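The primary structure of each chain is shown beneath.
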Amino acid sequence: MRLMIAQTDPLWAEPTVNLAVLESLCRLAAEAKVDLLALPELAFTGYNIFERLDDLAEAIDGPIVTEAAKLADKYNVHLLFGLAEQGANGELSNAAVLLDDNGQHLATYHKRHLWDRENDFFAAGKQSCVVDTRFGKLGVMICYDNEFPEVARELAQAGAQIILSPTANMLPNAERQVLQIRARAMDNQCFVACINRSGMEETLHYCGNSIVAGPDGEVIGRLGLSAGTMIVDIDLACIDESRTHQDYLKDLRVLKDTHVVNGADS
């Protein structure tokens, strides 16, 4: 699979302007014969929009997804991006939307681990997300999910070969983020891509450093602090090669009970 990471610096609360940038990214992806173009968390509205969610959150068939679907079809590229989604019942979710290269909606994942103020506005997701595509099985998580090894493990156990994580992570977490993504990849012997954003929103300074890690934790591609793009070619045969040495998913022994010894009184 040829993957393009777009580490963007979207204009705050300006989805129309940010969608115009998406077309130029799709054009670049098409010229490079990219299979999937991935963007950050809340890619077209900006992240720090909590007081504007009444205006900016949209249904899955709203203007943002509709326009993105047209571009996916026009440029023949799969798209993954973050969205502030308003459900039919009015519930708000921090979501990631996956579209195929005909603009068809393949999946929506709702962020499970909510960070800081997100808990006051978004409902936590309750399901994992693995999508079987012609270029491999894709797992999806979002930002703070990266910091919980259980999320990537569940995705890998469900067959995910490439885990994609739209993110809006901030300074001073750049190296922490890189370490966590490399660990998630190595622990599960799969590919993991973190698509972070750059720029600033009020006091939030996003740390960029989007990264793609391979099944032995190796860095396949990494960006810096500024906005930019990178293209990486993912060879799924590397997963089997990694697992010939040791196969963590196969060899894992899950304990149902933990024996706790109280030595405080001895």
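Residues numbered from 1 in each chain as written. Predicted model: local features only at pLDDT ≥ 70, side-chain atom pairs only at ≥ 80, totals over all residues. Heavy atoms only, no water.

Examining the overall build of the chain
Along its length, the chain carries eight helices and 14 strands. Against the 2.2 N^0.38 benchmark of 18 Å for 266 residues, the chain shows a C-alpha radius of gyration of 19 Å, consistent with a compact globule. With the C-alpha coordinates aligned to their principal axes, the bounding extent of the chain is approximately 65 × 45 × 35 Å. When the 266 residues of the chain are sorted by exposure, 53% land in the buried category. (Helix = DSSP H or I, 4+ residues; strand = E, 2+ residues; numbered from the N terminus. Rg over C-alpha atoms; globule rule 2.2 N^0.38 Å. Buried < 20%, exposed > 50% of the residue type's maximum accessible area, 1.4 Å probe, protein only.)

Quick look at the sheet that holds strand β8 (residues 162-166)
On the basis of which strands lie adjacent, the open sheet formed by six strands has the order β6-β7-β8-β9-β12-β13 and mixed pairing. Each edge of the sheet is formed by a strand with only one pairing partner; in this case those strands are β6 (130-133) and β13 (219-222). The sheet shows a mean angle of 15° between the axes of neighbouring strands, direction not considered. Of the strand pairs in this sheet, β6 and strand β7 (residues 136-140) are connected by four bridges, and their pairing is antiparallel. Counterpart to Thr 133 in the pairing with β7 is Gly 136. (Pairing = 2+ DSSP bridges. Axes fitted to C-alpha atoms, helices over the stretch in contact; angles between N-to-C directions.)

Considerations on the nonpolar core
For soluble globular proteins, the rule of thumb is that nonpolar side chains tend to be buried together. Within the largest apolar cluster, 28 residues are counted, with the highest numbers of intra-cluster contacts made by Met 1, Leu 3, Ile 5, Leu 36, Leu 80, Leu 138 and Leu 164. Within the residue set of this core, elements represented by two or more residues are β1 (2-7), β2 (36-38), β4 (92-99), β5 (105-110), β7, β8, β9 (191-195) and β14 (228-233). No other element matches β9, which puts three residues into this core. If sequence neighbours within four positions are ignored, Ile 5 has contacts with Ala 38, Ala 193, Ile 195, Ser 210, Val 212, Leu 223, Gly 228, Thr 229 and Met 230. Ala 43, Phe 81, Leu 83 and Val 97 belong to the second largest nonpolar core, which has 26 residues in total. (Core = buried A, V, L, I, M, F, W, Y, C linked by side-chain atoms within 4.5 Å. Contact = heavy atoms within 4.5 Å.)

Notes on the sheet that holds β2
With mixed pairing, six strands are arranged side by side in an open sheet as β5-β4-β3-β2-β1-β14. Edge positions in the sheet fall to β5 and β14, since each of these pairs with one other strand and no more. Along the sheet, successive strands turn relative to each other by an average axial angle of 25°, direction set aside. Taken together, the six bridges between β1 and β14 define a ladder with antiparallel strand orientation. When the bridges of β14 are listed, Leu 3 appears paired with Val 232. Against the sheet, helix α1 (residues 15-31) contacts β1, β2, β3 (78-86) and β14, and its axis sits at roughly 150° relative to β1.

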